Protein chains: 2
Amino acid sequence: MASKENPSVNKNCPVSATIRLIGGKYKALLLWHLTGQTLRFNQLHRLVPEATPKMLTQQLRELEEDGLISRTVYPVVPPRVDYSLTALGESLFPILEAMYRWGSALMQDEGLMPACTMTDSYSTTKKEQEDCPSCSCHARSKS
Amino acid sequence: MASKENPSVNKNCPVSATIRLIGGKYKALLLWHLTGQTLRFNQLHRLVPEATPKMLTQQLRELEEDGLISRTVYPVVPPRVDYSLTALGESLFPILEAMYRWGSALMQDEGLMPACTMTDSYSTTKKEQEDCPSCSCHARSKS
DNA sequence: CGGCATCCTTCGAGATACTG
DNA sequence: CAGTATCTCGAAGGATGCCG
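Definitions and cut-offs
Residues numbered from 1 in each chain as written. Chains lettered and ligands numbered in written order. Predicted model: local features only at pLDDT ≥ 70, side-chain atom pairs only at ≥ 80, totals over all residues. Heavy atoms only, no water. Phe/Tyr/Trp six-rings, centres within 6.5 Å; stacked < 30°, edge-to-face > 60°. Helix = DSSP H or I, 4+ residues; strand = E, 2+ residues; numbered from the N terminus. Buried < 20%, exposed > 50% of the residue type's maximum accessible area, 1.4 Å probe, protein only. Lys NZ or Arg CZ within 6 Å of the ring centre and 35° of its normal. Near = heavy atom within 4 Å. Polar contact = N/O pair within 3.5 Å; in protein donor to acceptor, adjacent residues only side chain to side chain. Pairing = 2+ DSSP bridges. UniProt positions renumbered as here; feature names shortened; annotations may be inferred. Contact = heavy atoms within 4.5 Å. Axes fitted to C-alpha atoms, helices over the stretch in contact; angles between N-to-C directions.

1. Describing the packing of aromatic side chains
All names here are of chain A.
Here is step 1: Taken as a whole and assessed by the stated rule, the structure comprises 4 aromatic pairs over all chains.
Here is step 2: Ring geometry for W32 versus Y100: centroids 5.1 Å apart, planes at 25 degrees, classification stacked. Here the residue W32 occupies a position in helix α2 (residues 27-34), and Y100 occupies one in helix α6 (residues 93-109), the gap between them amounting to 68 residues. Take W32 and Y100: they sit in the same class, and that class is buried.
Here is step 3: Ring pairing ties together the aromatic residues W32, F93 and Y100, which thus form one cluster.
Here is step 4: A cation over a ring is seen here: R80 above Y74, with NZ or CZ 5.0 Å from the ring centre.

And the structure:
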């Protein structure tokens with residue numbers, strides 16, 4: 001088990017166990033972005049620009065060591081590394097979706113984010129969901 | 001908005017918004033313990049002993065400032081302060097429950113926590129749920 | 001492109017002591 | 001009981017430079 005984050009916290013509590021794995025500074029966000037799609041390092045960086053490359057690497061490595069994401073290195077030049085969810089990582093979807101829904105409702109109450117609703121086709125199949133145009137979540141980079 | 005935790009993170013993303021409010025070191029855990037019951041400071045401290053009183057106060061104050069919990073001070077001696085969830089805090093239940101379920105499944109896969117299942121009466125009414133004897137979650141302190 | 005190595009600064013958080 | 005006030009230290013994390 002990697003996760004240097006939250007080294008403390010009761011070892012017998014399921015909620016603590018979950019926090020230990022996804023409670024890192026950008027972990028839930030990274031997992032959310034990786035839900036339903038494979039992304040390269042720089043794509044993730046563009047989606048989470050406030051994380052420095054060093055932090056990104058660190059968080060991604062911990063997620064990998066905890067078996068939540070898989071990292072594929074292509075021996076080409078320039079280098080290419082793909083990140084995607086493992087089965088265990090995908091099983092986090094109910095949590096991430098609940099966080100997304102709650103945050104959406106909160107932001108709407110505050111008058112932000114007018115129309116960024118999650119398509120219900122996403123919640124079950126989560127294969128090729130629609131992008132979310134009014135926020136950067138799941139907006140595939142176009143450049 | 002209080003939450004000094006995660007000061008960065010994309011401002012337009014619902015998942016980030018959620019993390020900003022419940023992403024603190026012990027926040028989700030505290031909220032989980034407060035689900036369905038009012039607790040005093042020392043009760044919370046016993047349930048989360050790895051948090052120092054200072055940290056507890058800090059996290060609880062941020063949760064209060066963010067409108068997730070309410071803090072009631074009784075002007076008696078010895079002092080007494082009760083913490084409970086607000087309506088907004090209770091609306092986090094789907095997230096916390098998802099985290100609980102996922103963590104439970106993970107721990108069972110690892111051979112830990114033999115029989116700590118969440119009673120389904122809890123998931124909807126969440127009023128007077130059964131305690132969880134094999135872990136400290138929602139185990140009301142007896143002393 | 002996707003890192004890793006170093007240096008350096010900040011600040012999270014523990015320990016301890018005190019208070020209404 | 002439920003905190004607050006200091007002091008302190010180690011680690012989180014930013015900036016920079018180099019590399020395959």
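2. So, the protein's contact with DNA strand C
Here is step 1: R61(A), R71(A), Y83(A), K54(B) and P79(B) are the nearest of the 16 residues found near DNA strand C.
Here is step 2: Separating a phosphate oxygen of DNA strand C from a side-chain N or O atom of R40(A) is a distance of 3.0 Å.
Here is step 3: R61(A) has a polar side-chain atom sitting 2.5 Å from a phosphate oxygen of DNA strand C.
Here is step 4: For the surface near DNA strand C, the secondary structure elements donating two or more residues are α3 (41-47), α4 (53-65) and β3 (80-85) of chain A together with α4 (53-65) of chain B.

3. With respect to the pairing of strand β3 (residues 80-85) of chain B
Residues and elements named next belong to chain B.
Here is step 1: Counting buried positions over the 6 residues of β3 gives 5, a clear majority of the element.
Here is step 2: Pairing between strand β1 (residues 39-40) and β3: 2 bridges, direction antiparallel. Paired with L39 across the bridge in β3 is Y83.
Here is step 3: Alignment of strand β2 (residues 69-74) against β3, held across 6 bridges, turns out to be antiparallel. By the bridge assignment, S70 is partnered in β3 with S84.

4. What about the protein's contact with DNA strand D?
Here is step 1: The environment of DNA strand D is formed by 16 residues, the closest being K54(A), P79(A), R61(B), R71(B) and Y83(B).
Here is step 2: Among the atoms of DNA strand D close to the protein, meaning within 4 Å, 66% are from sugar or phosphate groups.
Here is step 3: Between a phosphate oxygen of DNA strand D and a side-chain N or O atom of Y83(B), the distance comes to 2.5 Å.
Here is step 4: Going through the elements one at a time, α4 of chain A together with α3 (41-47), α4 and β3 of chain B are the ones with two or more residues in the surface near DNA strand D.

5. Focus: the UniProt feature "domain: HTH hxlR-type" (unreviewed entry) in chain A
Here is step 1: Under the present numbering, the feature "domain: HTH hxlR-type" (unreviewed entry) in UniProt falls on residues 13-111 of chain A.
Here is step 2: Across residues 13-111 of chain A, the secondary structure splits into 59% helix and 14% strand, with the terminal C-alpha atoms separated by 36 Å.

6. With respect to the sheet that holds strand β2 (residues 69-74) of chain A
One key point about sheets: their strands pair by backbone hydrogen bonds, in either a parallel or an antiparallel sense.
All names here are of chain A.
Here is step 1: Taken in spatial order, the 3 strands line up as β1-β3-β2 in an open sheet, and their pairing is antiparallel. Each of the sheet's edge strands pairs with one partner strand only, and the pair in question is β1 (39-40) and β2.
Here is step 2: Its contacts with the sheet place α2 against β1, β2 and β3, and it is angled at close to 95 degrees to β3.
Here is step 3: In the packing of α4 onto the sheet, the strands contacted are β2 and β3, and the crossing angle to β2 comes to about 115 degrees.

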